[in-house]
Amino acid sequence: MQKKGNSNRDAHVLEIPIPGKRGGTRRLEFQSEEDKQQWEKAYRKSKWFVPYFLVGIGINFLLYKLGLDLSNNLFFGFLVGVGVPILTMFTLTELHYRVFFKR
């Protein structure tokens, strides 16, 4: 006779390959299928945060080269300098996830 908890837990298991280890995987158990899907989405998106943040910094550099110099205004300089990379990072990672992973 099986325990109640074992059959329920096996249904919500996610195995993730460990980078750098051949054949190594990490086994994660979740309370529900929704928790598993949310964690997997965050895991897949997190790999792209840094590259897309750097794309946002590149956009700021292009804006500066095109003549948008906000160094005299502390508020708008901070808003554009930090806001553009963060907005780019979150927007492009969500777009990347929807195009390549959500099928």
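For the structure itself, look to the data block above.
Presented here is an overview of the structure given in this document.

Quick notes on the rules
- Residues numbered from 1 in each chain as written.
- Predicted model: local features only at pLDDT ≥ 70, side-chain atom pairs only at ≥ 80, totals over all residues.
- Heavy atoms only, no water.
- Axes fitted to C-alpha atoms, helices over the stretch in contact; angles between N-to-C directions.
- Helix = DSSP H or I, 4+ residues; strand = E, 2+ residues; numbered from the N terminus.
- Left-handed = near helix turned anticlockwise from the far one by under 90°.
- Contact = heavy atoms within 4.5 Å.
- Nonpolar A, V, L, I, M, F, W, Y, C, P; charged D, E, K, R; others polar.
- Parallel < 35°, antiparallel > 145°, perpendicular 65-115°, else oblique.

A separate point is the packing of helix α2 (residues 33-46) against helix α4 (residues 74-100). Packing of α2 against α4 brings their axes to within 9 Å, and their N-to-C directions diverge by 115°. Seen from above, α2 lies across α4 with right-handed handedness. Contacts between α2 and α4 involve Lys41, Arg44 and Lys45 from the former and Thr93, Glu94 and Tyr97 from the latter. Looking at the contact of α2 with α4, its residues break down into one nonpolar, one polar and four charged.

With that out of the way, let us pick up the packing of helix α3 (residues 49-65) against α4. Between α3 and α4, the shortest axis-to-axis distance is 8 Å and the interhelical angle comes to 135°. On the basis of the axis angle, α3 is oblique to α4. Between α3 and α4 lies a crossing of right-handed hand. Residue-level contacts link Phe49, Tyr52, Phe53, Val55, Gly56, Ile57, Ile59, Asn60 and Leu63 of α3 to Val80, Gly81, Val84, Pro85, Ile86, Thr88, Met89, Phe90, Leu92, Thr93 and His96 of α4.

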